[in-house]
Every structure is written in C-alpha cells, then in structure tokens.
Amino acid sequence: MTKAMLRSPEIALSAVGSILASMSLDLSVYVSDLSKTFSTNLRSKDDNTREDAIEATLALGRQCSDQSAVESLLESIFGVLNGSEGKISLNTMKVSLLTAAGGLTESGVTGGGVANLAVVATKLYVKFLEVEAHEGTLVTALEMLANWAAKYSNQIPEQFISWFPKGMALKTTTSGVRSAYLVCLACSLHTNTLSSAVPLIPSLSKVVDNAVKQSAQVAIVSEAVHAAACLVKIAGVDLATEQSLAELLTLVVDTEKCMFYQEKFLAGAGAAAHQSLTSLITTLLISHMDKVGSIPTPMMRSLAICIMSSVQCLFCQKTCRSTLTPD
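Remember, predicted model here, so these are calculated numbers, not experimental data. (Residues numbered from 1 in each chain as written. Predicted model: local features only at pLDDT ≥ 70, side-chain atom pairs only at ≥ 80, totals over all residues. Heavy atoms only, no water.)

**Quick look at the environment of T137**
As for its placement among the helices and strands, T137 is situated in helix α8 (residues 135–149). Overall, T137 belongs to the buried group, its relative accessible area being 0%. When the C-alpha atoms of T137 and S96 are compared, they prove to be 10.0 Å apart, with 41 residues separating the residues in sequence. Excluding residues within four positions of it along the chain, T137 makes contact with N91, K94, L98, F128 and E132. Within the structure, T137 has its side chain in polar contact with the side chain of H134 (distance 2.9 Å). (Helix = DSSP H or I, 4+ residues; strand = E, 2+ residues; numbered from the N terminus. Buried < 20%, exposed > 50% of the residue type's maximum accessible area, 1.4 Å probe, protein only. Contact = heavy atoms within 4.5 Å. Polar contact = N/O pair within 3.5 Å; in protein donor to acceptor, adjacent residues only side chain to side chain.)

Written out as structure tokens, the structure reads:
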C-alpha cells in the first residue's frame with residue numbers, strides 16, 4: 001500500500017481511507033510508516049488528493065488507540081504545515097492540514113489520553129496562530145482547535161490562556177477571527193475548566209464594553225454575545241468572581257437596554273451568535289435565576305428565535321445534502 005501511494009498517490013489514496021476504515025486492527029504501530037505519506041499529500045496541489053489524504057488520515061486516527069501514535073500523527077501534520085517539506089504559500093493546503101489535525105479528536109484514544117492529546121494539539125495550534133495572518137485560515141485553525149478545546153479535562157492549557165488576549169488584540173485581527181477565538185474559548189468551558197479562564201475576564205469584558213458603545217453594529221454585538229456567554233459561565237467559579245462581574249450580569253438581564261435582545265440584532269446575527277445567545281440565556285436561567293427574577297418575555301422570545309433559527313439551519317443543511325446526493 002505504501003509503495004502504491006508513493007508511485008501514484010492521487011490514485012491510491014482514494015481507496016486507502018476506505019481500506020483503513022474497514023479494518024478491525026489497532027493500527028497504532030503503523031503510524032510511523034503511513035504518517036509521512038499522508039501528511040505530504042495533505043499539501044498536494046490537487047484538491048481531490050488533499051481530500052483523500054484527509055479521509056485517510058482520519059481513518060488511520062480512528063484505528064489508533066495509542067496516545068503516542070496519534071501525537072506522532074499530529075506532529076507530522078504540523079511539521080509539514082510549518083514548512084518541513086518547504087514553505088506552504090497556498091491557504092487551501094494549510095486548511096487541509098488544519099482540518100486533518102482537527103479531525104483527530106475522533107481518534108481511538110480514550111480516557112485521560114484524549115485530554116493529554118488536547119494539550120499537545122493546543123500547543124501546536126497556538127504556535128501556528130502566532131504566525132498566520134490570513135483571515136480564512138485563522139478561522140479554520142480556531143474552528144479545529146475548538147474541537148480539541150472541548151476535550152480539556154481539568155484546565156485550559158496555559159499556552160491558550162496566554163495567547164488569547166494577544167490574538168484578540170492584534171491590529172490585523174478581524175471581527176470574524178475574534179468571534180472564532182471567542183467560540184473556541186466557549187467550547188473549552190465546563191465545570192472543571194472555569195477557574196483557569198478567570199485571567200481572561202478583562203479581555204472578554206473589553207469585548208462587551210466595545211459593543212455597548214457600538215450597539216448598532218451587528219458584527220460587534222455578535223462578538224459581545226460570544227464573550228458574554230463565556231463570562232456568565234465563568235461567573236459561576238465562586239462568589240468573588242460573580243461579584244466582580246456584577247455590572248455585566250446587570251446588563252445581560254436588562255432586556256430593555258441589552259443589545260442582545262433587540263430586533264435588529266436577532267434578525268441580522270448569524271447561526272454562531274444565535275447559539276451563543278442560547279447558551280447565555282440558558283446559563284442565566286439555570287445559574288443566575290436570582291438575577292433574572294421573573295422570566296422576562298423578551299428573553300424567552302429571543303431564546304425561541306435562536307432555537308428556531310438553529311432548527312431551520314439544520315433542516316436547510318439536510319435538504320441540501322439530500323438534493324446534492326445522487327440516488
């Protein structure tokens with residue numbers, strides 16, 4: 001199989017993914033033999049070859065239960081991404097490499113090994129974020145990092161905590177990239193990781209404050225709803241943290257003044273913003289009901305709009321897939 005991929009990868013790779021996926025063997029010991037070929041073809045100039053290489057890489061990952069094998073696969077992918085086989089100038093190649101690395105969250109590794117891999121992946125992604133400037137590539141990197149962020153167990157890695165405010169504040173960082181950073185952070189927040197996110201409160205609060213001053217800008221308010229959804233979760237760390245966020249909590253429960261519940265924003269916001277608003281309202285109703293008081297109609301109406309928007313989006317995606325899939 002390896003010889004066939006070396007001779008004509010554009011032909012062999014189309015079958016390799018299916019072959020690996022059909023196996024019932026643990027392929028961890030074969031990663032060293034296959035990873036270089038797969039990683040190299042992830043930067044192919046041919047679109048179909050890159051797609052086949054992604055499928056093969058993910059199929060290999062799913063058949064590996066050894067943490068060190070998947071870690072080796074991740075490092076091989078990022079080695080190519082960082083120029084081990086020559087500088088990559090085409091963003092489509094970078095996206096393929098990033099997508100393959102992000103998909104390895106579905107590897108065969110279980111238990112604590114998954115969280116360990118998430119830390120390794122975070123270090124690799126952050127190094128890439130530090131040097132990349134292309135908006136679309138950055139958004140893809142953050143979306144793939146979000147897959148790994150959901151796997152953190154007890155804390156958010158220090159590399160991400162340190163880089164987050166810097167990445168958000170760069171002059172070249174666009175609104176879309178900031179939103180991707182915020183959504184990535186949101187994916188990492190759960191009971192065990194909340195305390196490690198406390199250092200990010202100033203950076204998150206700045207996003208909300210900026211939206212208060214520019215409440216007519218849907219993109220800016222979208223950033224703020226992502227940030228606010230994170231902050232109301234972080235407020236649950238302890239009483240002192242909640243008290244430090246008293247001003248924010250007062251804002252987000254005021255349905256008349258808060259920009260998140262206004263018609264213009266609800267109509268113009270995208271799916272990601274609707275999801276964050278759903279998270280925000282849900283957290284308020286579950287964890288901060290004393291601040292909300294009697295449930296205000298605008299808040300529940302906004303929640304209903306967000307939920308229906310998500311349902312409609314899923315229906316459209318399903319319809320498109322059905323239409324485009326041949327019988």
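**What to know about the confidence of the model for the protein chain**
The pLDDT averaged across the protein chain works out to 90; a share of 91% of its residues lies at or above 70. Across residues 313–324, confidence stays below pLDDT 50; counting only partners more than four residues off in sequence or on other chains, it has zero contacts. (pLDDT = per-residue confidence, 0-100.)

**Remarks on the side chain of T241**
Structurally, T241 is set in helix α13 (residues 239–244). In this structure T241 comes out as buried when scored by relative accessible area, which is 8%. If we ignore the near neighbours within four places in the chain, the residues touching T241 are V198, I201, I234 and A235.

**Regarding the packing of aromatic side chains**
One pass over the full model with this rule turns up four aromatic pairs. Look at F164 and Y181: their rings are 6.0 Å apart centre to centre, the planes differ by 90°, and that puts the pair in the edge-to-face class. Remark: Y181 occurs in helix α10 (residues 175–188) and F164 occurs in helix α9 (residues 158–169); sequence separation between them is 17 residues. Among the residues examined, F164 registers a relative accessible area of 0% and is labelled buried. (Phe/Tyr/Trp six-rings, centres within 6.5 Å; stacked < 30°, edge-to-face > 60°.)

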